[in-house]
Amino acid sequence: MAGGGGKPQNIFKLNRGNDPKEVLNWRLWFAVVSFGIMGAARGIDEGLISGTLAKSNFVNKLGLDKMDKVELANVKGNISAMVQIGSVGGAALAFVLCDRIGRLWATRQLCMLWILGVVIFLTNGGRLGQVYAGRFIAGLGIGQTTVVAPVYLSEIAPKSVRGLCTCAFSGAVYIGIMLAYFASWGSELHIKKGTSNQWVVPTTIHVMFAGIILILSFFNYESPRYLVKIGKDDEATNNLARVRGLPVDSEHVIKEISEIQNQLEEEQEATMGQGWTGILREMFLMPNNFYRIYLGLFSQLLSQWSGAQSITIYAPEFFALLGTKGQNEKLFATAIFGVVKFVAAIMCALFLVDVIGRKRSLGIGISLQAVSMCYIAAYLTAVPQLAEGEKFTASQKHASTGAIVMIYLSGFGWAMGWNSMQYLLNAEIYPLRIRAISSSMVMCFHFVNQYGNSRAVPNMLLSKSAGGLGPAGTFWLFTVITIIGGIWAWFFIPETAGRSLEGMDKLFTLRWWQIGRYGQADADEQVAAEAVLEQEKSGARETAQQVERV
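Within each chain, residue numbers correspond to sequence positions counted from 1 in written order. Owing to the predicted nature of the model, reporting of local features is limited to residues with pLDDT of at least 70; listing and counting of side-chain atom pairs is limited to 80 or more, with chain, interface and lining totals taken over all residues. With hydrogens and water excluded, all non-hydrogen atoms of the structure serve as input to the side-chain values.

*Asks:* Would you explain the overall build of the chain in this entry?
*Replies:* Runs of E in the DSSP output that reach at least two residues are strands. Runs of H or I that reach at least four are helices, and both are numbered from the N terminus. Helices and strands together make up the secondary structure of the chain, namely 23 helices and zero strands. Note on method: radius of gyration uses C-alpha positions; expected globular size equals 2.2 Å times residues raised to 0.38. For a compact globule of 550 residues, the expected C-alpha radius of gyration is about 24 Å, and the chain comes in at 25 Å, within 12% of that figure. C-alpha atoms of the chain, sized along the principal axes, occupy 100 × 45 × 45 Å. Per-residue accessibility, obtained with a 1.4 Å probe over protein chains only, is compared with the maximum for each type, and a residue is labelled buried under 20%, exposed over 50%, and partly exposed between these values. Relative to its 550 residues, the chain shows a buried fraction of 56%. Of the contacts made within the chain by residues no fewer than 6 positions apart, 80% connect residues no fewer than 24 positions apart. For the chain, the distance from the average site of its 47 positive side-chain charges to the average site of its 40 negative ones is 9 Å. We call two residues in contact when some of their heavy atoms are within 4.5 Å. A positive count includes Lys and Arg, and a negative count includes Asp and Glu. His and the chain ends are not counted in either. For this purpose, a charge sits on NZ of Lys, CZ of Arg, CG of Asp or CD of Glu.

*Asks:* Is there a simple way to explain the environment of Ile254 in this structure?
*Replies:* By secondary structure assignment, the location of Ile254 is in helix α12 (residues 251–270). With relative accessibility at 43%, the residue Ile254 sits in the partly exposed group. Sequence separation between Ile254 and Thr237 is 17 residues, and the spatial gap between their C-alpha atoms is 7.7 Å. Leaving out residues up to four positions away in the same chain, Ile254 has contacts with Val248 and Asp249.

*Asks:* Explain helix α20 (residues 418–428) here, please?
*Replies:* Residues spaced three or four apart along an α-helix face the same direction, because each turn holds 3.6 residues. Across the 11 residues of α20, 11 count as buried, placing the element largely inside the fold. Residues of α20 that are buried include every one of Trp418, Asn419, Ser420, Met421, Gln422, Tyr423, Leu424, Leu425, Asn426, Ala427 and Glu428, and no others.

*Asks:* Help me understand the nonpolar core, please; the structure alone is not making it clear to me.
*Replies:* In globular proteins that are soluble, nonpolar side chains generally tend to be buried together. To define a nonpolar core, start from buried Ala, Val, Leu, Ile, Met, Phe, Trp, Tyr and Cys residues and group those joined through side-chain atoms within 4.5 Å. Judged by nonpolar contacts, the single largest core of 84 residues is most densely connected at Ile79, Leu295, Phe475 and Trp488. If we skip the residues at most four places from it in the chain, Trp488 touches Tyr294, Leu295, Phe298, Ser299, Leu302, Trp418 and Ile493. Judged by nonpolar contacts, the second largest core, of 48 residues, contains Phe35, Ala138, Ala149 and Phe447.

*Asks:* Any chance you could explain the side chain of Gln369 here in plain terms?
*Replies:* Following the sequence through the fold, Gln369 ends up in helix α18 (residues 358–382). Setting aside its immediate chain neighbours within four residues, Gln369 contacts Ser306, Ala308, Ser410, Trp414, Trp418 and Thr482.

*Asks:* Help me understand a nonpolar patch on the surface, please; the structure alone is not making it clear to me.
*Replies:* On the surface, a cluster of nonpolar side chains totalling about 560 Å² of accessible area is made up of Ile101, Trp105, Ile215, Phe218 and Phe219. Of note, Trp105 is situated in helix α5 (residues 102–122). Exposure above 30% relative accessible area and no salt bridge define the residues that can form patches, which grow by joining like charges within 9 Å and nonpolar side chains of Val, Leu, Ile, Met, Phe, Trp and Tyr within 5 Å. In these tables, accessible area is a Shrake-Rupley quantity obtained with a 1.4 Å probe, and a residue counts as shielded only by the protein chains included in the view. One speaks of a salt bridge when a side-chain nitrogen belonging to Lys or Arg is within 4 Å of a carboxyl oxygen belonging to Asp or Glu.

*Asks:* Looking at this structure, how should I read the environment of Gln422?
*Replies:* Considering the arrangement of structural elements, one finds Gln422 in helix α20. A C-alpha to C-alpha distance of 9.6 Å links Gln422 and Leu295, two positions 127 residues apart in sequence. Ignoring sequence-local partners within four residues, the contact set of Gln422 consists of Gln300, Ser303, Gln304, Trp414 and His446. Within the structure, the side chain of Gln422 is placed 3.4 Å from the side chain of His446, a separation counted as a polar contact. Any N or O atom pair separated by 3.5 Å or less is treated as a polar contact, with the protein-specific requirement of one donor-capable and one acceptor-capable atom, and with residues adjacent in sequence counted only for side-chain atom pairs.

*Asks:* Honestly, the pattern of salt bridges in this entry has me stumped. Any pointers?
*Replies:* Pairs can form between side chains of opposite charge whenever their charged atoms are close. According to the stated counting rule, one finds 13 salt bridges in the structure shown. The closest approach of N and O atoms between Arg225 and Glu256, which form a salt bridge, is 3.7 Å. In this pair, Arg225 sits in helix α10 (residues 224–229) while Glu256 sits in helix α12, placing the two residues 31 residues apart along the sequence. For the pair Arg225 and Glu256, one class covers both residues: buried. Measuring nitrogen to oxygen at the nearest pair gives 2.8 Å for the salt bridge that ties Arg244 to Glu256.

*Asks:* I would appreciate a short explanation of the packing of aromatic side chains in the present structure.
*Replies:* The description of two aromatic rings rests on the distance between their centres and on the angle between their planes. For Phe, Tyr and Trp, rings pair up if their centres lie within 6.5 Å, where Trp contributes its six-membered ring, and each pair is then called stacked (planes under 30 degrees apart), edge-to-face (over 60) or tilted (otherwise). As enumerated under the stated definition, the model contains 21 aromatic pairs in all. Here the aromatic rings of Phe298 and Trp488 are separated by 6.0 Å at their centres, their planes lie at 25 degrees, and the arrangement is stacked. Taken together, the residues span a long stretch of sequence, with Phe298 in helix α14 (residues 287–304) and Trp488 in helix α22 (residues 470–492) at a distance of 190 residues. Judged by its relative accessible area of 35%, Phe298 falls in the partly exposed class. The exposure class assigned to Trp488 is buried, which follows from its relative accessible area of 7%. Both rings, one in Phe319 and one in Tyr408, keep their centres 5.7 Å apart while their planes meet at 45 degrees; by these two values the pair is tilted. Residue Phe319 is found in helix α16 (residues 315–321), and its partner Tyr408 is found in helix α19 (residues 394–416); the two are separated by 89 residues along the sequence. Of the two residues, Phe319 and Tyr408, neither departs from the other in class, the shared state being buried. Sitting over a ring, as applied to charges here, requires NZ of Lys or CZ of Arg to be within 6 Å of the ring centre and within 35 degrees of the ring normal. The positively charged end of Arg108 is found above the aromatic ring belonging to Trp105, 4.5 Å away from the centroid. It is Arg108 that lies over the ring of Phe218; its NZ or CZ is 4.1 Å from the centre.

*Asks:* Explain the confidence of the model for the chain to me, please; I cannot follow it from the model alone.
*Replies:* If pLDDT is low for a region, its predicted coordinates should not be looked at in detail. For the chain, the mean per-residue pLDDT works out to 84, and 91% of the residues sit at or above 70. Counted against residues more than four places away or in other chains, residues 1–12, with its pLDDT under 50, gives 31 contacts. For every residue, the pLDDT score states the predictor's confidence, bounded by 0 at the bottom and 100 at the top.

*Asks:* Is there a simple way to explain the state of the cysteines in this structure?
*Replies:* Should the sulfur atoms of two cysteines be covalently bonded, the bond is a disulfide. Disulfide assignment relies on a single distance test, namely cysteine sulfur atoms paired within 2.5 Å. The final tally for this structure, using the stated rule, is zero disulfides. With no disulfide partner, Cys98 has as its closest neighbouring cysteine sulfur the one in Cys444, 12 Å distant. Judged by relative accessible area, Cys98 falls into the buried class, the value being 1%.

*Asks:* I keep staring at the packing of α19 against α20 and nothing clicks. Help me out?
*Replies:* Packed helices, taken two at a time, are described by the angle between their axes plus the distance between the axes. Packing of α19 against α20 leaves a shortest axis separation of 3 Å and a crossing angle of 15 degrees. One finds that α19 runs roughly parallel with respect to α20. Between α19 and α20, the contacting residues are Gly413, Trp414, Ala415 and Met416 on the first element and Trp418, Asn419, Ser420, Met421 and Gln422 on the second. Residue polarity is assigned by list, with Asp, Glu, Lys and Arg as charged and Ala, Val, Leu, Ile, Met, Phe, Trp, Tyr, Cys and Pro as nonpolar; anything else, Gly included, falls into the polar class. The residue makeup of the contact of α19 with α20, split by class, is five nonpolar, four polar and no charged. With axes taken as lines fitted to C-alpha atoms, and helix axes fitted only over the stretch in contact, angles between N-to-C directions fall between 0 and 180 degrees. An angle below 35 degrees is treated as roughly parallel, one above 145 as roughly antiparallel, one from 65 to 115 as roughly perpendicular, and anything else as oblique.

*Asks:* Would you mind going over the environment of Arg135 with me for this structure?
*Replies:* Positionally, Arg135 belongs in helix α6 (residues 128–156). Distance in space between the C-alpha atoms of Arg135 and Leu227 is 33 Å, their sequence separation being 92 residues. The contacts of Arg135, once residues within four sequence positions are left out, are Asp45, Ile49, Ile79, Ser80, Met82, Val83 and Phe121.

Take a look at the structure:
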């Protein structure tokens, strides 16, 4: 995939472009850490739920051991997916709250919802309805993180490191997954089997992270772009100066505030007096904005059904399908899977999205994921599932080991490709006036698809006689969707690296079928033409001044 090339760089000496050195300061990195770790909310839930469902105390308390295979698959799917259902509402709620009470207060209330839901879940007392309710309420908080954090990070980050700052969120997803996987494994090893502590203690990680994020929010500054939007220009200038580490009257701060104000004024003039209908028209009837929403929606659809997210949620079951036996062994393999995905996310954030570009990083990730899914599908087609007491032949054992390696490779590709890009693109491509509502709508669609996927996978894995696709059929479906996603991304997603949020409009001026392949080059030509025009105007002003002096 074309776009965004560059030489490898020392991450401790980041290429700032034309940003002054002061912009990379401790206040920026503190904000990145404070809001980036919100990504752990999703990761913790995805990493813990499969281990929780396998704990004997949890199973016995809810009577899951008395259910037949089909009923158990339905209930497990419902429990896993209830957070996704809540997250649909959370993502929609985030739009209203982000624009009404600001990014900081939105963060504080989502943490309270998150904690409340987890407490309800922990105190279920064997009541399945309370399990559903607790996970739904927790989802209302967790769903908001996918809007609030990426939007805030993209709005306060300098354009030279916006990819790195926003990818801190997707990287934190894997911190959450890794910690959750190791917590499940550790509880299996060190906490007495059959006790509630085996699943209660790991689940308290939710409360720890929500509490940390809540406390850190009181030491950060409100987004300057949000403050400009609500008319608090002076406060916006002060906050931007603090985050940039520059004086209020510095040329860089004044220029950036002016760009934000100018874009907002242009958007308001284009929809003057139209209220909500104006915003909707701006979203769906302006071709360049509708194309951006199309990118957001389709990237969520293709990424969520590519299968990698399913592997994250149901990792122990997938490792069992590939020949890993024993609860400890499955949890250990799952924990290593979390480490692999975390390392991939860090590599993507530090070395790829702002160096080789978003599009090329996405292409490499999708390619790795497609190869992995295809191998696993072929393995499950060729090697029959072992009955109790059966063992692999030597060749089957080698093939099984290869399939397990491919699970890790798919996680690496997912972390480096779709998972990082689905948040980064959604946070940076929309104009300020419709940024919150567009991002919220796309993230609602994200969770609708994640719910559908989480809910469907247990049933998809059932044999064909029980109404499923079987393990092999499931992975062949994932393979096809991953390949389709790679082709679509090459044709339709433009390279966004190195551009200010206010400069994104230039990428979307071509016809819709040209933007993905030629949008970057066209935007560069527009920037060059504007620079030449500005030089000509400057030269004309200097000539006029000289004539006046004569």
